[in-house]
Amino acid sequence: RSDTFWTTTGMFPQEFIIGFPKCVKISKVAIQCYLVQTLRIERSVSEDPVGFERCIEKDLQHTEGQLQMEEFPLPDFQATYLRFIIKSAFDHFVSVHRVLAEGT
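Please read these numbers as outputs of a predicted model, since none were measured by experiment.

Trainee: Sorry, what's going on with the overall build of the protein here?
Mentor: Within the protein one finds 0 helices and 6 strands. Each helix and strand of the protein, ordered N terminal to C terminal, gives the series β-β-β-β-β-β. Taking 104 residues into account, the globule formula puts the C-alpha radius of gyration at 13 Å, and the protein, at 13 Å, falls close to it. The principal-axis extent of the C-alpha atoms belonging to the protein is close to 35 × 25 × 25 Å. Split into buried and exposed, the 104 residues of the protein put 40% on the buried side. Taking all contacts inside the protein whose residues are at least 6 apart in sequence as the whole, residues at least 24 apart take part in 80%. Measuring between centres, the 11 positive side-chain charges of the protein sit 3 Å from its 14 negative side-chain charges.

Next comes the structure, spelled out in structure tokens:
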């Protein structure tokens, strides 16, 4: 169970960016969140967090009282930055508890 989390400020869309020290190969991204309705993941292979391209957009299932756990397989996927955009939610505030990127 994650005791720390990032919470939104109540208006949508909301976004956060995760940066890697260099361009990495990612095979899977997993996220634990709460009350997220529509999530988009974008990537950038630039040295700076610019030039993002859309990779995945998904409507998540509403899980009353428990965290949503979503996995996104990404074959042959490279990124220096990942941008997570919460486009809509099941409530005014949502939380993100963990983001995991697997790869090399």
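Trainee: So what exactly am I meant to see when it comes to the packing of aromatic side chains here?
Mentor: Here a ring pair, both rings aromatic, is described through the centre-centre distance and the interplanar angle of the planes. Going through the model one piece at a time under the given rule, you end up with 2 aromatic pairs. With a centroid separation of 4.9 Å and 5 degrees between ring planes, the pair formed by Phe16 and Phe84 is classed as stacked. Of the two residues, Phe16 sits in strand β2 (residues 14-34) while Phe84 sits in strand β5 (residues 68-89), which places them 68 residues apart along the sequence. Exposure remark for Phe16: the relative accessible area of 15% places this residue in the buried category.

Trainee: Would you mind showing me how to read the sheet that holds strand β3 (residues 36-44) here?
Mentor: The 6 strands lie next to each other as β1-β6-β2-β5-β3-β4, forming an open sheet whose pairing is antiparallel. Two strands lie at the open edges of the sheet, namely β1 (6-7) and β4 (53-59), each paired on one side alone. One ladder, built from 15 bridges, connects β2 with β5; its direction is antiparallel. Residue pairing for β5: Lys28 is matched across the bridge by Pro73.

Trainee: Just to check I follow, could you spell out the side chain of Thr8 for this structure?
Mentor: Summarising the element assignment, Thr8 is placed in the loop between β1 and β2. With sequence-adjacent residues up to four places away left out, Thr8 is seen in contact with Gln14, Ile86, His92, Phe93 and Val94.

Trainee: Would you explain the side chain of Thr38 in this entry?
Mentor: Along the chain, the position of Thr38 falls in strand β3. When its relative accessible area of 10% is taken as the criterion, Thr38 is described as buried. Those residues in contact with Thr38 that lie beyond four places of it in its chain are Glu57, Lys58, Asp59, Ile85, Ile86, Lys87 and Ser88.

Trainee: How should the nonpolar core be read in this particular structure?
Mentor: In globular proteins that are soluble, nonpolar side chains generally tend to be buried together. The biggest cluster of nonpolar side chains holds 22 residues, and the ones touching the most others in it are Ile26, Ile31, Leu39, Leu82 and Phe84. Taken together, the elements giving at least two residues each to this core come down to β2, β3 and β5. Ranked by the residues each element gives to this core, the list is headed by β5, at 8 residues. Not counting residues up to four positions away in its chain, the partners in contact with Ile26 are Phe20, Leu74, Phe77, Ala79, Leu82, Ala101, Glu102 and Gly103.

Calculation rules
Residues numbered from 1 in each chain as written. Predicted model: local features only at pLDDT ≥ 70, side-chain atom pairs only at ≥ 80, totals over all residues. Heavy atoms only, no water. Helix = DSSP H or I, 4+ residues; strand = E, 2+ residues; numbered from the N terminus. Rg over C-alpha atoms; globule rule 2.2 N^0.38 Å. Buried < 20%, exposed > 50% of the residue type's maximum accessible area, 1.4 Å probe, protein only. Contact = heavy atoms within 4.5 Å. Lys, Arg positive; Asp, Glu negative; His and termini not counted. Charge placed at Lys NZ, Arg CZ, Asp CG, Glu CD. Phe/Tyr/Trp six-rings, centres within 6.5 Å; stacked < 30°, edge-to-face > 60°. Pairing = 2+ DSSP bridges. Core = buried A, V, L, I, M, F, W, Y, C linked by side-chain atoms within 4.5 Å.

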